[in-house]
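Working through the structure, step by step
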Amino acid sequence: MFNRDYNENPFIVIWELTRACELKCLHCRAEAQYRRDPRELSFEDGKKLIDDIYEMDNPMLVFTGGDPLMRPDVFDIAEYAVKKGVRVSMTPSATPNVTKEAMEKAKEVGLSRWAFSLDGPNAAIHDHFRGTSGSFDLTMNAIKYLHELNMPIQINTVISRYNYDHLDEMAALIEELDCVLWSVFFLVPTGRGQEKDMITSVEHEKTFKWLYDLSKRVPFDIKTTAAQHYRRVVIQNKIREKQATGEGINYKDALMNGTTGQIDGLGRAPKGVNDGNGFVFISHIGDVYPSGLLPIKAGNVKETPLGEIYRESEVFQNLRNPDAYKGKCGVCEFRHVCGGSRSRAYAMTGDYMESEPYCVYIPKALRGKKKNVV
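Our subject in this report is the structure included herewith. (Residues numbered from 1 in each chain as written. Predicted model: local features only at pLDDT ≥ 70, side-chain atom pairs only at ≥ 80, totals over all residues. Heavy atoms only, no water.)

**So, the pattern of salt bridges**
- Overall, the coordinates contain 21 salt bridges when judged by the stated rule.
- With a shortest N-O distance of 3.2 Å, Lys47 and Glu44 are connected by a salt bridge. Highlighted residues: Lys47 and Glu44, both in helix α1 (residues 43-55), separated by 3 residues, approximately one helical turn.
- Given the relative accessible area of 22%, Lys47 is considered partly exposed.
- Close ionic contact of Lys297 with Asp287 constitutes a salt bridge, the shortest N to O distance being 3.2 Å. Highlighted residues: Lys297 in the loop between β10 (287-289) and β11 (299-300) and Asp287 in strand β10, separated in sequence by 10 residues.
- Judged by its relative accessible area of 9%, Asp287 is buried. (Salt bridge = Lys/Arg side-chain N within 4 Å of Asp/Glu carboxyl O. Helix = DSSP H or I, 4+ residues; strand = E, 2+ residues; numbered from the N terminus. Buried < 20%, exposed > 50% of the residue type's maximum accessible area, 1.4 Å probe, protein only.)

**Here's the deal with a nonpolar patch on the surface**
- Judged by side-chain polarity, Val331, Ile362 and Leu366 come together as a nonpolar surface patch covering roughly 260 Å² of accessible area.
- Inspection of the secondary structure assignment puts Leu366 in the segment after α14 (342-349). (Patch = residues over 30% accessible without salt bridge, like charges linked within 9 Å, V, L, I, M, F, W, Y side chains within 5 Å. Areas by Shrake-Rupley, 256 points an atom, 1.4 Å probe, with all protein chains shown as cover.)

**Describing the packing of α1 against helix α2 (residues 74-84)**
- For the pair α1 and α2, interaxial distance at closest approach is 10 Å and the crossing angle is 25°. When the axes of α1 and α2 are compared, the pair comes out roughly parallel. For α1 against α2, the interelement crossing comes out right-handed. Contact residues: Phe43, Lys47, Ile50, Asp51 and Tyr54 in α1; Asp76, Ile77, Tyr80, Ala81 and Lys84 in α2.
- When the residues that make up the contact of α1 with α2 are grouped by side-chain class, the tally is 6 nonpolar, no polar and 4 charged. (Axes fitted to C-alpha atoms, helices over the stretch in contact; angles between N-to-C directions. Parallel < 35°, antiparallel > 145°, perpendicular 65-115°, else oblique. Left-handed = near helix turned anticlockwise from the far one by under 90°. Contact = heavy atoms within 4.5 Å. Nonpolar A, V, L, I, M, F, W, Y, C, P; charged D, E, K, R; others polar.)

**Description of α2**
- Where α2 is concerned, the buried positions are Val74, Phe75, Ile77, Ala78 and Ala81. Angular distribution of buried residues about the axis of α2 spans 155°; they occupy a single face of the element.
- Against β1 (12-16), α1, β2 (60-64), β3 (88-90) and α3 (100-109) lie the buried residues of α2.
- Where α2 terminates, the next one or two residues include Gly85, which has phi positive at roughly 105°. (Arc of directions from axis to C-beta.)

**Some thoughts on the environment of His284**
- Within the element layout of this structure, His284 appears in the loop between β9 (278-282) and β10.
- Since its relative accessible area comes to 6%, His284 is described here as buried.
- Separated by 248 residues in sequence, His284 and Arg36 have C-alpha atoms that sit 9.4 Å apart.
- For His284, the residues in contact, after removing those within four places along its chain, are Glu16, Leu17, Thr18, Arg19, Asp37, Arg39, Glu40 and Leu41.

**What about empty space enclosed by the protein?**
- In total, this model carries 2 cavities of 30 Å³ or more according to the counting rule given.
- Roughly 100 Å³ of volume is contained in the largest cavity.
- Mapped by element, the contributors of at least two residues to the lining of the largest cavity are α8 (229-244) and α13 (327-331).
- For the lining of the largest cavity, a count of residues per class yields 7 nonpolar, 3 polar and 4 charged.
- When its residues are assigned to classes, the lining of the second largest cavity shows 4 nonpolar, 5 polar and 1 charged. (1 Å grid on protein atoms, 1.4 Å probe; cavity = no way out; pocket = protein on both sides within 12 Å on 5 of 7 lines; lining within 4 Å. Points joined across faces, edges and corners; volume = space filled by probe spheres on them.)

**What about the packing of aromatic side chains?**
- Counted under the stated rule, the structure contains 10 aromatic pairs.
- An aromatic cluster is built from Trp182, Trp210 and Phe220, whose rings are joined through pairwise contacts.
- Positioned above the aromatic ring of Tyr162 is the side chain of Arg161, whose terminal nitrogen or guanidinium carbon lies 4.5 Å from the ring centre.
- The ring centre of Tyr310 lies 4.6 Å from the NZ or CZ of Arg320, which sits over that ring. (Phe/Tyr/Trp six-rings, centres within 6.5 Å; stacked < 30°, edge-to-face > 60°. Lys NZ or Arg CZ within 6 Å of the ring centre and 35° of its normal.)

Dropping the structure here:
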């Protein structure tokens, strides 16, 4: 999986099974509704889609929404995928749909991981962000039961101005909950997400440095979404640490080729996954996007096979060419492993090839003749 060519096949596929959800999250990308859309991909559509996904060198598949549990056939779809050999995880909403029976069924059909969202260290912060009282307590109870089932748990957190001052408390809670992965999302103003709810570019950088220091002392893995520049911070720190101990590190070729898995410490895809570049999103009605946060439609799986859309769409091909990025991202020495958030660039400028607007880093190429220091 780690050696795949992102021009041909994605590393991860996200399928929005439905936009129906009982929550009213302030940041909701999908602007989820209470009722299911009658145009949703059917079970038969879903099986064909899974067949196509499997043929794309069998990437990881994540069921999202809305709330996937709003579909009564969610476990039938999951079982079909798992029996085919696809590794499937799911990110349901913390609603009364998360019953013990649902969690037991997830384990029975072979879901590899269950992901829950926690956006605050207490009910006041989390429930406000999720727009529903009782969500925090329901989530905590569900996590407890998943532990009883010995099912791996991933926690997703959206960093915003609502919880930025509580990150230390959040990290302590994540460790206490004994999860395998903390997936940290950085708000992109799309859907119901608002620009005013984002943290500043300086706060992004401070959070990246904090996450890196945290990663060295906690038992769980840390992954970021819509924060590709975290990879730069990790690499910079790794290089400094190697230099401080007198160890040499050959990172220049790795930066150009995008193969920094041996030094970035992230432990997953050894190349920089970005929107449309190792990543693809399928909506509830079959529309294909570079990611759920980058709302530029490239096709529909009811009309065109997913592989054809992913490989041949002009939008996807553009996104897979970091050398064509505009502004400082296009000349940055980290462009092949970072590339900035294409979603945030689009949300803030209207151009998905523009520079990441919330990055403070100045590339070497723009520093004149100053001594190059990573």
